[in-house]
Every structure is written in C-alpha cells, then in structure tokens.
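These are the residues of each chain, in order.
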Amino acid sequence: MSINSISEIEFGADLPAFEPDTSLSAGSEFADLVGWTGGRFSSHELAKKEGFPSAIIPGIMSQGYLIAMIHNWAPSAEIKKVDTIFRAPVLADEGHSITGVVTDIDEESSLVEVDLTVTNSKNETRVFGTATVYIP
Amino acid sequence: MLDVEALKEKYLNYEFDRTEFEIKPEDAIKFARLCGETGDRFLDANDPNFQAPNNYVTCLKGRGIPEGFPKIGVGMDAGQAVEVLTPIKPGTPLVGKTHLHEIYTKTGRSGRMIFLVTRIEFFDDKGTHLANSDSRIVFRERGDS
C-alpha cells in the first residue's frame, strides 16, 4: 500500500520489501555513467583479480536503491538525509533484498526516520542506512 | 603513529577544492532508472517537478584530500551521506566546495583505523546551498605512519 500522508504511518511499520536490480549489467552501466571505470564493477574476472569474490555494485548505487525503496513506499516523500554504511560489498548477479522499518515519527514537522538494510541471499547485511524523510 | 589532533587543527573545515558541475537530464534519468525509481519527477524531463535523484551529487567529486595531507595507507569506502536542502533540477550550474569535515579514530584488535569525512557543499549560481555530500573513507594505519 502506498503512503500518501504521515497520518497513515505507524511507528515500527515495515516498508514493503524491495528487490533491487543487482545484475552485473545494471551495476556496470551505473559505474560507467558515474565514471567509475574499475573492472571490479564490470567483470567478475577482473573483480577477482582485485581480491573480490565477484564483481560488485557501486556503493552509491546501493544508496540509490534505499532512496528508491522509500519513494516506492511513499511516492510523495522528500528525502532530507540519508546516511549509508557500507559494511560489505554487494555482489553483482547475486539476489539481494532491502528491508525498512519506521523508527521515529514527528507529526509536527512531518518527518519520519527509517532504518534500511540491504541483505544478500544468505541474509547477511551488506549495507545499512538511516533516512530522514519529509512526508507531506 | 599520526597525531590526529594536529591533523584536525591543520586540515579541518577549510575549503581545499572548488569545482563546477552540471547534471545532464539524460544522466539523471538513467541514474534514477538504474536505482529503481519509478516516479515521473525522476524519469520524465517534462515533469514540472523534474529533479535529479536525491543522491546524484554523491558521484560529483573534486579533489578528495587536501594537498600535503600525509599518506596514511589504502583507503576504503566506509560510507556515504547526503543531505538534501533543495531538490536539484538537472541543467542547473553547480559549484561544489570541498572541505575535510571530520577526522576520528577507532581502535580494534587489528590496530587503529583513521576515518576521514570529506564534505562537498553544493551551491547553485545564485549561491543557494542545495545539498551536502559526505564521503567517509577509512584507513588502516600503517606501522610506519
């Protein structure tokens, strides 16, 4: 269900699950767009030569997934701040999911805080983020 | 071992880079699509509220570390924060002003880690402050530092 107003949000509510496109082609296209030319983003073989298990998704793309998840949940939401901690690489061509939970609601200022976690198929946390979001 | 207090005194909070940027509409749309945005304000250049993805500024970089800053070791990307003060319309000329915002340490079993937070403050051509982008880089301190 999409959120249209802060009055619809409950403390502790889970955001709808979000499965980002972590394919090698998407990560490689993104890295190329932002000018990150390292082989770690474009080739499993080159990434292994750099010591990674396989190609990885750029960190700021993972941050973009978190923001997109919030917009999918609340289409009119305006992101005020997102702080993202990269705990471990998000591996390309591996399935990941993102969960989110509402941790604070300030109806007076129409701001909510959301904790967001990117996990891999083994349920290991790869990226953790907190967002402050204005909901009209 | 590096004297972190001396580093703070010498390097924190002074601008060491100023770079001009402009976000192309087609790049903003591609960035948004690849991250999974579905709203017209991010995907349709004709939308009246068309804007760059909120964290697009994180890919706009000037110089990352001040000239003369000591070599600590190999840095790793530890995190990224973005603060949106006003949505950025693609095509707006931007100026990014960079300073070292924080220097702090954490000590674990494997030794001391030094964290540098580099902040780029983005302004439009009228001087309006639009966004901040913080890059957090962690260095494992070398024995000979």
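Residues numbered from 1 in each chain as written. Chains lettered and ligands numbered in written order. Predicted model: local features only at pLDDT ≥ 70, side-chain atom pairs only at ≥ 80, totals over all residues. Heavy atoms only, no water.

A. Main features of the interface of chain B and chain A. With 24 residues of chain B at the contact, the number on the chain A side is 27 residues. Approximately 2200 Å² of surface area, both sides summed, lies buried where chain B meets chain A, with 52% of it carried by carbon and sulfur atoms. The largest share of the area that chain B buries against chain A comes from Leu-34, Cys-35 and Arg-41 of chain B, three residues that together contribute 25% of it. On the surface where chain B and chain A come into contact, there are three salt bridges. Linking Arg-33 of chain B and Glu-29 of chain A is a salt bridge whose minimum nitrogen-to-oxygen distance equals 3.1 Å. Our count for the chain B to chain A interface comes out at 14 residue pairs in polar contact (both at pLDDT 80 or more). Grouping the amino acids of the side of chain B that touches chain A by side-chain chemistry returns nine nonpolar, seven polar and eight charged. (Contact = heavy atoms within 4.5 Å. Buried area = accessible area lost by both parts, 1.4 Å probe. Salt bridge = Lys/Arg side-chain N within 4 Å of Asp/Glu carboxyl O. Polar contact = N/O pair within 3.5 Å; in protein donor to acceptor, adjacent residues only side chain to side chain. Nonpolar A, V, L, I, M, F, W, Y, C, P; charged D, E, K, R; others polar.)

B. The pattern of salt bridges, seen in detail. Inspection of every chain in the model, using the stated rule, returns nine salt bridges over all chains. A salt bridge links Glu-50 of chain A to Arg-40 of chain A, with the shortest nitrogen-to-oxygen separation between them at 2.8 Å. Residue Glu-50 of chain A is located in the loop between helix H2 (44–49) and helix H3 (59–73), and its partner Arg-40 of chain A is located in the loop between helix H1 (24–33) and H2; the two are separated by 10 residues in the primary sequence. Judged by its relative accessible area of 37%, Glu-50 of chain A falls in the partly exposed class. By relative accessible area, which is 30% here, Arg-40 of chain A ends up partly exposed. A salt bridge links Arg-18 of chain B to Glu-15 of chain B, with the nearest nitrogen and oxygen atoms 2.7 Å apart. By relative accessible area, Arg-18 of chain B is classed as exposed at 53%. Owing to a relative accessible area of 36%, Glu-15 of chain B belongs among the partly exposed residues under this scheme. A cluster of three or more residues bridged by salt bridges with shared partners is formed by Glu-29 of chain A together with Lys-30 and Arg-33 of chain B. (Helix = DSSP H or I, 4+ residues; strand = E, 2+ residues; numbered from the N terminus. Buried < 20%, exposed > 50% of the residue type's maximum accessible area, 1.4 Å probe, protein only.)

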